[in-house]
Amino acid sequence: MFEKIYTGFHAATMSDGRYGVIEDAALAVAGERIEWIGPRRELPASDAPVVDLGGGWITPGLIDCHTHLVFGGDRVDEFEQRLLGADYAEIARRGGGILSTVRATRAASESELLGSALKRIDGLLAEGVTTVEIKSGYGLDVENELKMLRVARELERQRPVTIRTTFLGAHALPPEYKDRADDYIGLVCEQMLPAVAEQGLADAVDAFCETVGFNTAQVERVFRKARGLDLPVKLHAEQLSNQHGTELAARFGALSADHLEYLDEAGVEAMAESGTVAVLLPGAFYILCETRLPPMEALRRHGVPMALATDLNPGTSPVNSLLNTLNLACTLFRMTPEEALTGATCHAARALGLADRGVLAPGKRADFVLWDIAQPPELAYWLGGRRLCRKVIRAGEEIASC
Ligand code: NIG
Ligand code: FE
């Protein structure tokens, strides 16, 4: 039974990793779900009220599947230092980088963190994002990691958005554990993870596998514990060097491996075999002025699904726009606009383990966006300054007219 019918638009359904264009489309909603979508002339007869959207295109609600958008302070100074010649790893070794955000995040109250995170999430919502993943990882002790995750969960109560939280305790070594990384991993596994799981604060577990982060043996301990608690894993892997973290992640059936600039063919094969999504983060690549591209051709050849995300964080990716990220992915990583849009919808959903969204099809959540565009690639074409999002419908309810 249809409850409401929408007409007056073209649809890019993003099914099967393609635009999946339906011109002059209609979409019928029942409750939170899409009941029917297809060409308007084929719409079954119904008494349900009809809403004419008045032109433009609809796509699934956008999904930002990798962010660190809850944090204290900013890293404007570091941005300046890097442009004066310091590099990211060097700043991290000097106690700056992630650790400077750890200091600011620990010092911030829950309501201060919430206030600054709301501004950032509002930036995403204004451009048609309906699902956002948020990581912890700037607390690095039990109390502050839990604080970050509570703030992330609170965002979902305060805004019309689905939030997926990820526990990233193994992000950096806090100063009180200097030269004792294995002991810190003990704290992550024995205290943080059980508390996070018990309080239901995380939907997944992540780690930073890197010379300036944690090695594969340490990440493996975190993954074992996470899987024992029934939490899926994902990994920041091969961002600055090839640590072979991706193969480890694949062995644990990771939802995604993220960054991947230094990924090699063996890593790509491992991902293809385990069905792990490659989450590409061109914002961090851009801000760090990196030159080494992820292995795009190998990822395509092996059919590894490629998702895209902002990586919104104060250090390597102060990128508060998923639409601009689509453009960066095309210009910097040579993704096609179709791949980029698939990466921020269909494949992003998969990177979060969410089977109910990311495409427009019967049975999926009725999360969709009406865009003021003449054709789908336009979403990746403009870089800033345009209000492309006209309306957002989430779970069958109109939540915003932009
Ligand atoms: O995804 N690489 C590690 N983590 C973040 C950066 C966090 C930070 O620099 O604050 C990233 O790029
Ligand atoms: Fe990240």
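Cut-offs applied
Residues numbered from 1 in each chain as written. Chains lettered and ligands numbered in written order. Predicted model: local features only at pLDDT ≥ 70, side-chain atom pairs only at ≥ 80, totals over all residues. Heavy atoms only, no water. Helix = DSSP H or I, 4+ residues; strand = E, 2+ residues; numbered from the N terminus. Buried < 20%, exposed > 50% of the residue type's maximum accessible area, 1.4 Å probe, protein only. Near = heavy atom within 4 Å. Polar contact = N/O pair within 3.5 Å; in protein donor to acceptor, adjacent residues only side chain to side chain. Areas by Shrake-Rupley, 256 points an atom, 1.4 Å probe, with all protein chains shown as cover. 1 Å grid on protein atoms, 1.4 Å probe; cavity = no way out; pocket = protein on both sides within 12 Å on 5 of 7 lines; lining within 4 Å. Sits in = over half its atoms within 2 Å of the grid points. Pairing = 2+ DSSP bridges. Right-handed = clockwise from strand over helix to strand, strands pointing away. Axes fitted to C-alpha atoms, helices over the stretch in contact; angles between N-to-C directions. Contact = heavy atoms within 4.5 Å. Expected span 1.5 Å × (residues − 1). Points joined across faces, edges and corners; volume = space filled by probe spheres on them. Parallel < 35°, antiparallel > 145°, perpendicular 65-115°, else oblique. Left-handed = near helix turned anticlockwise from the far one by under 90°. Nonpolar A, V, L, I, M, F, W, Y, C, P; charged D, E, K, R; others polar. Donors = N, O, S within 2.8 Å, 3.2 Å for Na, K, Ca; no water. Salt bridge = Lys/Arg side-chain N within 4 Å of Asp/Glu carboxyl O.

Draft legend 1. Up close: unusual backbone geometry. We note that His259 has phi near 90°; this positive angle belongs to a residue other than glycine. Relative to the helices and strands, His259 resides in strand E11 (residues 256-259). You can call His259 buried: its relative accessible area is 1%. Even without being glycine, Ala395 reaches a positive phi, approximately 50°. Position of Ala395 relative to the elements: it lies in the loop between strand E15 (389-394) and strand E16 (397-401).

Draft legend 2. Molecular detail of the site of ligand 1. Residues in contact with ligand 1 amount to 15 residues; listed here are only the nearest, Tyr88, Tyr138, Gln239, Asp311 and Thr316. The separation between an oxygen atom of ligand 1 and a polar side-chain atom of Tyr138 is 2.6 Å. Within the side chain of His259, a nitrogen or oxygen atom sits 2.9 Å from an oxygen atom of ligand 1. Look at ligand 1: alone it shows 330 Å² of surface, and the protein chains cover 100% of it. For ligand 1, the cavity whose grid points lie within 2 Å of the majority of its atoms is the largest cavity.

Draft legend 3. How the structure looks around the pairing of E11. Both strand E10 (residues 234-237) and E11 contribute to a ladder of 4 bridges, which runs parallel. Note that in E11 the partner of Leu235 across the bridge is Ala257. Once the chain exits E10 it traverses helix H8 (residues 245-251) before rejoining the sheet at E11, and the crossover so formed is right-handed. Crossover E11 to strand E12 (residues 277-280) through helix H9 (residues 265-274) is right-handed.

Draft legend 4. Layout of the sheet that holds strand E6 (residues 62-64). Here 4 strands make up an open sheet; going across it, the order is E6-E7-E8-E9 and the pairing parallel. Edge strands, defined here as strands with exactly one partner in the open sheet, are E6 and strand E9 (204-207). Each strand axis lies, on average, 20° off the axis of its neighbour in the sheet, ignoring direction. Pairing of strand E8 (residues 162-170) with E9, which is carried by 3 bridges, proceeds in the parallel orientation. Each bridged residue has a counterpart across the sheet, and for Phe167 the counterpart in E9 is Val205. Across the sheet, helix H4 (residues 110-125) is in contact with E6, strand E7 (129-135) and E8; its angle to E7 comes to roughly 145°.

Draft legend 5. Molecular detail of helix H5 (residues 142-158). Under the 1.5 Å per step criterion, the end-to-end length of H5 is 25 Å for 17 residues, consistent within 8% with the ideal 24 Å. Asn144, Glu145, Leu146, Lys147, Met148, Leu149, Val151, Ala152, Arg153 and Leu155 are the residues of H5 that are buried. Of the surrounding elements, those touching the buried residues of H5 are helix H3 (98-107), H4, E7, E8 and helix H6 (181-198).

Draft legend 6. Representation of the layout of surface pockets within the structure. What the largest pocket holds in volume is close to 500 Å³. Lining the largest pocket are 21 residues, with Ala92, Arg93, Leu99, Leu173 and Val212 sitting closest to its centre. Here the lining of the largest pocket takes 3 residues from helix H2 (residues 88-93), the largest share from any one element. Taken as a whole, the second largest pocket encloses approximately 250 Å³ of empty space. What lines the second largest pocket is a set of 16 residues, among which Glu127, Leu323, Arg386, Arg387 and Leu388 lie closest to the centre. Broken down by secondary-structure element, the contributors of at least two residues to the lining of the second largest pocket are helix H12 (322-333) and helix H15 (378-381).

Draft legend 7. How the structure looks around the packing of H6 against helix H7 (residues 216-228). Running from amino to carboxyl end, H6 crosses H7 at an angle of 10°, the nearest separation of the two axes being 10 Å. By the angle between their directions, the pair H6 and H7 is classed as roughly parallel. With respect to the hand of their crossing, H6 and H7 are arranged in right-handed fashion. On the side of H6, the interface is formed by Ala181, Asp182, Ile185, Gly186, Val188, Cys189, Glu190, Leu193 and Pro194, while H7 contributes Gln218, Arg221, Val222, Lys225 and Ala226. Taken together, the residues of the contact of H6 with H7 sort by class into 8 nonpolar, 2 polar and 4 charged.

Draft legend 8. Expanded view of the side chain of His171. Its location among the elements puts His171 in the loop between E8 and H6. There is a polar contact of 2.9 Å between the side chain of His171 and the backbone oxygen of Gly137. Ignoring sequence-local partners within four residues, the contact set of His171 consists of His68, Ile98, Gly137, Tyr138, Leu140, Phe208, Gly213 and Phe214.

Draft legend 9. Inspection of the coordination of the iron ion (ligand 2) at higher detail. Protein coordination of the iron ion (ligand 2) is provided by His66 (NE2), His68 (NE2), His236 (NE2) and Asp311 (OD), with donor distances spanning 2.1 to 2.4 Å. For the iron ion (ligand 2), the donor residues sit on a single chain with the sequence spacing H-x1-H-x167-H-x74-D. Accessibility classification places His66 together with His68 in one group, the buried group.

Draft legend 10. Fine view of the pattern of salt bridges. On inspection of all chains with the given rule, the structure shows 28 salt bridges. Note that Arg18 and Glu338 form a salt bridge whose closest N and O atoms lie 3.2 Å from each other. Pair noted here: Arg18 is in the loop between strand E1 (4-12) and strand E2 (21-30) and Glu338 is in helix H13 (residues 337-343), with a separation of 320 residues, a long-range link. The exposure class assigned to Glu338 is buried, which follows from its relative accessible area of 17%. Arg106 is the partner of Glu176 in a salt bridge, and the nearest nitrogen-oxygen pair spans 2.8 Å.

Read these as geometric descriptors, not functional statements.
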